[in-house]
Amino acid sequence: MGTTGADEERPRHDGRASKNYSSDVHTEAGVKGLVTDSNLERLLTQLENEGKNVSAAWAELVALKNFVTHSTQLKSQALTHLQYLLSLYKQ
């Protein structure tokens, strides 16, 4: 099938990964970064803007982002408590 003028005007998400993207995103900082800047989120937004129902995928993405955020907060709190306990031990 050919494309129509409307198809050509519609912006397309370019989801190609850079050379090191896979190794960069598989780090703690890379995963944390996905909470605020995600190719998946941009793709879902585009599909939704095109009229596609992506509600299940949105629910999954939000759950994953919430899990990462919550895990990061818990890790930070645990580190703070450990530092406090270490300071008490050194006294």
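Our subject is the structure that appears above.
In what follows, the accompanying structure is described.

The rules behind each value
- Residues numbered from 1 in each chain as written.
- Predicted model: local features only at pLDDT ≥ 70, side-chain atom pairs only at ≥ 80, totals over all residues.
- Heavy atoms only, no water.
- Salt bridge = Lys/Arg side-chain N within 4 Å of Asp/Glu carboxyl O.
- Helix = DSSP H or I, 4+ residues; strand = E, 2+ residues; numbered from the N terminus.
- Buried < 20%, exposed > 50% of the residue type's maximum accessible area, 1.4 Å probe, protein only.
- Polar contact = N/O pair within 3.5 Å; in protein donor to acceptor, adjacent residues only side chain to side chain.
- Axes fitted to C-alpha atoms, helices over the stretch in contact; angles between N-to-C directions.
- Parallel < 35°, antiparallel > 145°, perpendicular 65-115°, else oblique.
- Left-handed = near helix turned anticlockwise from the far one by under 90°.
- Contact = heavy atoms within 4.5 Å.
- Nonpolar A, V, L, I, M, F, W, Y, C, P; charged D, E, K, R; others polar.
- Expected span 1.5 Å × (residues − 1).

**Details of the pattern of salt bridges**
Alright, step 1. Evaluated as defined, the whole model comprises 5 salt bridges.
Alright, step 2. Lys 75 is the partner of Glu 28 in a salt bridge, and the nearest nitrogen-oxygen pair spans 2.8 Å. Taken together, the residues span a long stretch of sequence, with Glu 28 in helix H3 (residues 28-33) and Lys 75 in helix H5 (residues 55-90) at a distance of 47 residues.
Alright, step 3. Here Glu 28 falls in the partly exposed class, since its relative accessible area comes to 44%.
Alright, step 4. Residue Lys 75 is classed as partly exposed on the basis of its relative accessible area, which comes to 48%.
Alright, step 5. Across the salt bridge formed by Lys 65 and Glu 41, the nearest N and O atoms sit 2.7 Å from each other. Residue Lys 65 is found in helix H5, and its partner Glu 41 is found in helix H4 (residues 39-49); the two are separated by 24 residues along the sequence.

**Let's talk about the side chain of Ser 38**
Alright, step 1. Summarising the element assignment, Ser 38 is placed in the loop between H3 and H4.
Alright, step 2. Using a relative accessible area of 7% as the deciding quantity, one classes Ser 38 as buried.
Alright, step 3. Within the structure, Ser 38 has its side chain in polar contact with the backbone nitrogen of Leu 40 (distance 3.1 Å).
Alright, step 4. Looking at Ser 38, its side chain comes within polar contact range of the main-chain nitrogen of Glu 41, at 3.0 Å.

**As for the packing of H4 against H5**
To characterise two packed helices, one gives the angle between the axes of the helices and the distance between these axes.
Alright, step 1. Relative to each other, H4 and H5 sit at 155 degrees, their axes nearing to 11 Å. It follows that H4 is roughly antiparallel to H5 by the angle criterion. In terms of crossing hand, the pair formed by H4 and H5 is left-handed. Contacts between H4 and H5 involve Leu 40, Glu 41, Leu 44, Thr 45 and Glu 48 on the former and, on the latter, Ala 57, Trp 58, Leu 61 and Lys 65.
Alright, step 2. When the residues that make up the contact of H4 with H5 are grouped by side-chain class, the tally is 5 nonpolar, 1 polar and 3 charged.

**Focus on H5**
Side chains that are three or four residues apart share a direction in an α-helix, a result of its 3.6 residues per turn.
Alright, step 1. Taking 1.5 Å of rise per residue, 36 residues should cover 52 Å, and H5 covers 52 Å from first to last C-alpha, within 8% of that figure.
Alright, step 2. Among the residues of H5, Trp 58, Leu 61, Lys 65 and Val 68 are the ones counted as buried.

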